[in-house]
Amino acid sequence: MAEFYFSAFADEAANDLDGQIAALRDADIHFIEPRSIDGRGILEFSEEELKKIRAKLDGAKIRVGSLGSPIGKYGIDEDFESYKAVFEKALVTCKILGTDRMRMFSFFVEQKDLAKKREEVLRRLAYMTKRAEEVGIKLCHENESRIYGQMPREVGDLLTSLPALGGIFDPANYVVNGADPLEGIRATLPSLVYLHIKDALPDGTILPAGEGEGHIGEILDLVDAHTDAPVMLTVEPHLKSFDAFAQIDTHHLRGKHIFKNNRESFAFAVSALEGVLRERGYRKGDMGRWKK
């Protein structure tokens, strides 16, 4: 059985690092996936600034579970050589922040050109995974929209073709792109490293865990049956005021839920995931770990 623990894109709770730390501590979350701080992308910070960020996180006893980098989130026809320095900066950022995992993507590709661009996608990813391995970093691919790995078939292709590449499973991204999240988790499980948690409806409405068509509870059970290792669940609310709840009959908390700030909506998203876990028979233990 798996042991689930929470991380989060805490920039959705607060802009500044102190606010992000406070939101994590209030939610009993001990890991962060840093993406932006004070409106700056995580790769925009100098090494000295990153050391200060690390010191503050260490002081709060919060670890970096994975780097929320934007690597690979650019057009496949753009010059690869010019991005290698950015990639090297991302590897250094991982080292300074004390993580051996990096979230990344497989380049924006016109979906009609997938077959034509496949070889170049694999060439670039092979270079990056090899280079990351050399410095002890695991690259983890997210199934984002409009990239080569948008659909389960392409995700399976990438993870099978590049054994060193890890998989991040995001159910909401599959739902909004018209794919079956259950097919997506089957494609990802052999190489699964961790999950991003948000839910969605096919019309693009993003919702907390258990409120959409992401089959999150069922997927957690599949992961639980697949591994005995710890598995990180990164809360990624993508929600501001939850104004969608004005029209949708929700499962966990019925009625209208419009919150006054992102801190409240972030806390609700964490509570929603906890509710899904409880409904599936998981129980919370020390340090925020969940297992059956």
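None of these values were measured; they are calculated from a predicted model.

(A) Structural context of the packing of aromatic side chains. Under the defined criterion, the tally for this structure stands at seven aromatic pairs. Plain terms: the ring middles of Phe4 and Tyr282 are 5.5 Å apart, the flat faces sit at 70° to each other, and that makes the pair edge-to-face. Of the two residues, Phe4 is situated in strand S1 (residues 3-8) and Tyr282 in the loop between helix H9 (262-279) and strand S13 (283-284); the sequence distance between them amounts to 278 residues. Each member of the pair, Phe4 as well as Tyr282, carries the same accessibility label: buried. Both rings, one in Tyr74 and one in Phe107, keep their centres 5.4 Å apart while their planes meet at 65°; by these two values the pair is edge-to-face. Here the residue Tyr74 occupies a position in the loop between strand S5 (63-64) and helix H3 (84-97), and Phe107 occupies one in the loop between strand S6 (101-104) and helix H4 (114-134), the gap between them amounting to 33 residues. Considered together, Tyr74 and Phe107 belong to a single accessibility category, that of buried residues. One residue, Lys73, lies across the ring of Phe105, its end atom 4.8 Å from the ring centre. Lys84 extends its terminal NZ or CZ atom over the ring of Tyr127, reaching a point 4.2 Å from the ring centre.

(B) Geometry of helix H5 (residues 152-161). Burial within H5 is extensive, with seven of its 10 residues counted as buried. Within the span of H5, buried status applies to Pro152, Glu154, Val155, Gly156, Asp157, Leu158 and Leu159. Along its buried surface, H5 packs onto H4, strand S7 (138-142), strand S8 (166-169), helix H6 (171-176) and helix H7 (181-188).

(C) Expanded view of the environment of Asp38. By the secondary structure assignment, Asp38 is in the loop between strand S3 (36-37) and strand S4 (40-41). In sequence terms Asp38 and Asn15 are 23 residues apart; their C-alpha atoms lie 5.1 Å from each other. When residues no more than four places from it in sequence are discounted, the contact partners of Asp38 are Asn15, Asp16 and Leu17.

(D) The pattern of salt bridges, seen in detail. Per the stated rule, a full pass over the model turns up 27 salt bridges. For the salt bridge of Lys198 with Glu236, the shortest nitrogen-to-oxygen distance reads 2.9 Å. Residue Lys198 is found in the loop between strand S9 (192-197) and strand S10 (199-200), and its partner Glu236 is found in the loop between strand S12 (230-235) and H9; the two are separated by 38 residues along the sequence. Here the two residues Lys198 and Glu236 agree in accessibility, since each one is buried. A salt bridge links Arg280 to Asp221; its shortest N-O distance comes to 2.7 Å. Of this pair, Arg280 sits in the loop between H9 and S13 while Asp221 is found in helix H8 (residues 216-226), placing the two residues 59 residues apart along the sequence. The exposure class assigned to Arg280 is partly exposed, which follows from its relative accessible area of 34%.

(E) Just the pairing of S1, in detail. For S1, the buried fraction is high: five of the six residues fall into the buried class. When S1 meets S12, the two strands line up parallel, connected through six bridges. Bridged to Ala8 within S12 is Val235.

(F) Just the environment of Asp113, in detail. Checked against the element boundaries, Asp113 lands in the loop between S6 and H4. Each C-alpha atom of the pair Asp113 and Glu274 lies 40 Å from the other, and the pair is 161 residues apart in sequence.

(G) Broad picture of the nonpolar core. The biggest cluster of nonpolar side chains holds 77 residues, and the ones touching the most others in it are Phe4, Met102 and Leu195. In this structure Met102 touches Ser66, Leu67, Ser69, Ile71, Phe87, Ala90, Leu91, Cys94, Ile137, Lys138, Leu139 and Cys140, once residues within four positions along its chain are discounted.

(H) Structural view of the packing of H7 against H8. With their axes 10 Å apart at the nearest point, H7 and H8 run at an angle of 20° to one another. Taken together, the axes of H7 and H8 are roughly parallel relative to one another. Regarding H7 and H8, the two cross each other, and that crossing is right-handed. On H8, the residues that touch Pro181, Leu182 and Ile185 of H7 are Glu218, Ile219, Leu222 and Val223. Per-class residue counts for the contact of H7 with H8 are six nonpolar, no polar and one charged.

Definitions and limits used
- Residues numbered from 1 in each chain as written.
- Predicted model: local features only at pLDDT ≥ 70, side-chain atom pairs only at ≥ 80, totals over all residues.
- Heavy atoms only, no water.
- Phe/Tyr/Trp six-rings, centres within 6.5 Å; stacked < 30°, edge-to-face > 60°.
- Helix = DSSP H or I, 4+ residues; strand = E, 2+ residues; numbered from the N terminus.
- Buried < 20%, exposed > 50% of the residue type's maximum accessible area, 1.4 Å probe, protein only.
- Lys NZ or Arg CZ within 6 Å of the ring centre and 35° of its normal.
- Contact = heavy atoms within 4.5 Å.
- Salt bridge = Lys/Arg side-chain N within 4 Å of Asp/Glu carboxyl O.
- Pairing = 2+ DSSP bridges.
- Core = buried A, V, L, I, M, F, W, Y, C linked by side-chain atoms within 4.5 Å.
- Axes fitted to C-alpha atoms, helices over the stretch in contact; angles between N-to-C directions.
- Parallel < 35°, antiparallel > 145°, perpendicular 65-115°, else oblique.
- Left-handed = near helix turned anticlockwise from the far one by under 90°.
- Nonpolar A, V, L, I, M, F, W, Y, C, P; charged D, E, K, R; others polar.

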